[in-house]
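Read off the chains here:
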Amino acid sequence: MTTTDQPTQQPPADDTQWYSLSVDDALARLGVDTASGLGVGEVTTRLATYGRNEVATEPPPTTWQMAKAQIANPMNTTLLIVAIASFAIGQIATGVVVASLVTFNVVMGTNQERKAMASVDALSQLQVPMARVRRGGAVEQVDSVGLVPGDILLVEAGDLVPADARIISSASLEVQEASLTGESAPIAKNSTALGDEEQPLGDRTNLVFQNTQVTRGSAELVVVATGQSTQMGQIANMVTATKRTKSPLQIELDGLTKIFGFLAWGAVAIIAIIGI
């Protein structure tokens, strides 16, 4: 097949079982020739169709939003009310101590959440910055966010895979996929097509996945999925779509806080009534 800027066949949908296709069938579906790769015009067209090769992340909350969430915690809310009540009845020393405790809780909780967000941001920076591709018959280094389905990739030991790809040819290729499958040992890879039956992710030995590392050998690949369509992108989608809920311990602590608050305010009411 000859690559032009206007191919006769656009890349297929993302649900294609690439591991079951032969190399020739995969290349035909992607409308690309390994000798020349995609043309500049076709790369631009596919980039507009499929978007940039990057995984979208959830916008991080601001410091004020994190602090507000800490203040809304039942324990901190109760202590804050106690501090205000202490100032109102002239118990300045008690009010200062309780207010200081609330401030400490809010500051510490916010800092801990900021550190957790920093760890998540560090993981999101694992995106491979550059990739070696064959385009227009020449091998060049390109920004990995500009990769599109059909790009011909060249990888070797030490490289991080910039996108999900089907192996065209390889030499002693092994890839570390612990981030996806949990398998600690590198997986041997080759271009042999697998059966039509459903294959677990760890058994798709003719595919490599974004952000996994080539530990041995070299290979020529054709990109089959980028951005949110990659396995990493699908994981990010599930994490983003997950509704955040409190842990059982947090629920129990909130319940205890409400009980203690009810008892405390009940005692305050009784004392006030007796005083009157």
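Residues numbered from 1 in each chain as written. Predicted model: local features only at pLDDT ≥ 70, side-chain atom pairs only at ≥ 80, totals over all residues. Heavy atoms only, no water.

Quick look at the nonpolar core
At step 1: Ranked by size, the top nonpolar core spans 20 residues in total, and within it Trp18, Leu27, Leu30, Val32, Ile152, Ile168 and Val222 carry the most contacts.
At step 2: Looking at this core, the elements that each hand over two or more residues are α1 (23–30) and β7 (213–225).
At step 3: No other element matches α1, which puts four residues into this core.
At step 4: Judged by nonpolar contacts, the second largest core, of 17 residues, contains Val142, Ala163, Val208 and Val223. (Core = buried A, V, L, I, M, F, W, Y, C linked by side-chain atoms within 4.5 Å. Buried < 20%, exposed > 50% of the residue type's maximum accessible area, 1.4 Å probe, protein only. Helix = DSSP H or I, 4+ residues; strand = E, 2+ residues; numbered from the N terminus.)

Regarding the environment of Tyr50
At step 1: Tracing the backbone through its elements, the reader meets Tyr50 in helix α2 (residues 40–50).
At step 2: By relative accessible area, Tyr50 is classed as partly exposed at 27%.
At step 3: For Tyr50 and Thr226, which are 176 residues apart along the polypeptide, the C-alpha to C-alpha distance reads 7.7 Å.

Looking at the side chain of Arg134
At step 1: Turning to its location among the elements, Arg134 is positioned in strand β1 (residues 130–135).
At step 2: By relative accessible area, Arg134 is classed as buried at 16%.
At step 3: A polar side-chain atom of Arg134 sits 2.8 Å from the main-chain carbonyl oxygen of Thr34.
At step 4: Those residues in contact with Arg134, other than ones at most four positions away along the chain, are Thr34, Ala35, Ser36, Gly37, Leu38, Val139, Ile152, Leu154 and Glu220. (Polar contact = N/O pair within 3.5 Å; in protein donor to acceptor, adjacent residues only side chain to side chain. Contact = heavy atoms within 4.5 Å.)

Let's talk about the pattern of salt bridges
At step 1: A complete count under the given rule lists eight salt bridges for this structure.
At step 2: With its nearest N and O atoms 3.8 Å apart, the salt bridge here joins Glu156 to Arg132. Taken as a pair, Glu156 in strand β3 (residues 152–156) and Arg132 in strand β1 lie far apart in primary sequence, 24 residues in all.
At step 3: Judged by relative accessible area, Glu156 falls into the partly exposed class, the value being 40%.
At step 4: The exposure class of Arg132 is partly exposed, given its relative accessible area of 26%.
At step 5: Linking Glu174 and Arg216 is a salt bridge whose minimum nitrogen-to-oxygen distance equals 3.5 Å. Of this pair, Glu174 sits in strand β4 (residues 164–176) while Arg216 sits in strand β7, placing them 42 residues apart in sequence.
At step 6: Overall, the relative accessible area of 22% leaves Glu174 in the partly exposed class. (Salt bridge = Lys/Arg side-chain N within 4 Å of Asp/Glu carboxyl O.)

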